[in-house]
Amino acid sequence: MIYHNASEVDFQLDGVPEMPSPSRVLLTRPDHFDVEYTINPHMEGNIGSVNKEEALEQWKSLRQLYEALGIEASVIPGEEGLPDMVFCANQTLPFIKTVSGERGIVLSRMYAPQRAPEVPFYASFFEEVGYNVHPLPDSVSDFEGMGDALWHPGRFLLWGGHGFRSSIAAYSFLNEILGVRILVLKLKDPDFYHLDTCLSVLDEDTALIYPGAFDAEGLDLIRTVFRRVLYAPEDEARSFFAVNAHCPDGHNVIIQAGCDQTISVLRREQFNPIEVRTEEFLKAGGSVFCMKQMFW
Ligand code: ARG
């Protein structure tokens, strides 16, 4: 079943099959990271402006933080000529099937031709760690993995964004091959071109969102399924990717430094925000959530 609006929701979260939380993280070293082209509005004016040493330091701190949180990290190198490869959430959608235990990935079909050659490197990585690889059919023109498709924490339930980078046809296919319920959200602001820039799933009950990125139907759907919805202010969401935060465990929230209002909202709600610096990566239109891929 694919859900477009709240009136279609015919389930309770407790009735949705459980899915274990992923405990491993994949990171890609920013060996060749830079801004070399413009495929989202954040990149405009930033070509050639990345401080490579600073980027490496920021990335290393992020890696250390995951390890300090007890999450096993796998690292693959970046490839020459693929400056956006560091954003390793986008090339795949990893999944685990609750009943069969199958671990697999659905491969992305990148919207920007510049990024298409990144995908096979991720197919190889996941194949090596024992995942089944599922390519997309020709009928799906674009799909950018966990940039747009987010697992509801703890449940075999998927949130799917479309409008800029992923086509809605991707969700019919995912529904078919995974047998998963999908809640579809239309994105309407080009600064929030991926779902992970405006929806952060913190725990089973809680989402952090930037509401201005959604239409009324989408907002309604989010507010129907999550018991608690927290809001990031526009400036922090737009300029500092406050909503591209990552909560790996239902408690700690890794977030770009300086998102002060969002951080105080998170603290008020008993989360533990941990600030990291991703300024170099913000120049390319990405922050914490896009710089990692969780898997099992
Ligand atoms: N420059 C990259 C792009 O436009 C950034 C990707 C960031 N990833 C994300 N999930 N938001 O594709």
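A few points on the structure. (Residues numbered from 1 in each chain as written. Predicted model: local features only at pLDDT ≥ 70, side-chain atom pairs only at ≥ 80, totals over all residues. Heavy atoms only, no water.)

A short note on the side chain of asparagine 252
Under the convention used in this document: To qualify as a helix, a DSSP run of H or I must reach at least 4 residues; to qualify as a strand, a run of E must reach at least 2; elements of each kind are numbered from the N terminus. Exposed residues in this analysis have more than 50% of their type's maximum accessible area, buried residues have under 20%, and partly exposed residues fall in between, with area computed by a 1.4 Å probe over protein chains only. Side-chain atoms alone can form a polar contact between residues adjacent in sequence; in general such a contact is a pair of N or O atoms within 3.5 Å, and within protein one must be able to donate a hydrogen while the other accepts it. Residues count as neighbours in contact if any of their non-hydrogen atoms are within 4.5 Å of one another.
You can see asparagine 252 is positioned in strand 13 (residues 252-256). The class of asparagine 252 is buried, set by a relative accessible area of 11%. Polar side-chain contacts of asparagine 252 include one of 2.7 Å to the side chain of aspartate 249. Excluding anything up to four places from it in sequence, asparagine 252 contacts Leu69, His246, Cys247, Asn272 and Ile274.

Description of the state of the cysteines
The condition that has to hold: Sulfur atoms of two cysteines make up a disulfide when they are within 2.5 Å.
One pass over the full model with this rule turns up zero disulfides. The thiol sulfur of cysteine 88 is not disulfide-bonded, and the nearest other cysteine sulfur, from cysteine 290, lies at 9.3 Å. Judged by its relative accessible area of 0%, cysteine 88 falls in the buried class. Relative accessible area serves as the criterion here: at 4%, cysteine 290 is assigned to the buried category.

Some words on the environment of leucine 195
Assignment of secondary structure puts leucine 195 in the loop between strand 9 (181-186) and strand 10 (199-203). Its relative accessible area of 0% is what places leucine 195 among the buried residues. For the pair formed by leucine 195 and glycine 161, sequence separation is 34 residues and the distance between their alpha carbons is 5.1 Å. Those residues in contact with leucine 195, other than ones at most four positions away along the chain, are Gly147, Asp148, Leu150, Trp159, Gly160, Gly161, Leu185, Leu187 and Phe214.

Keep in mind that these numbers describe shape and distance, not what the molecule does.
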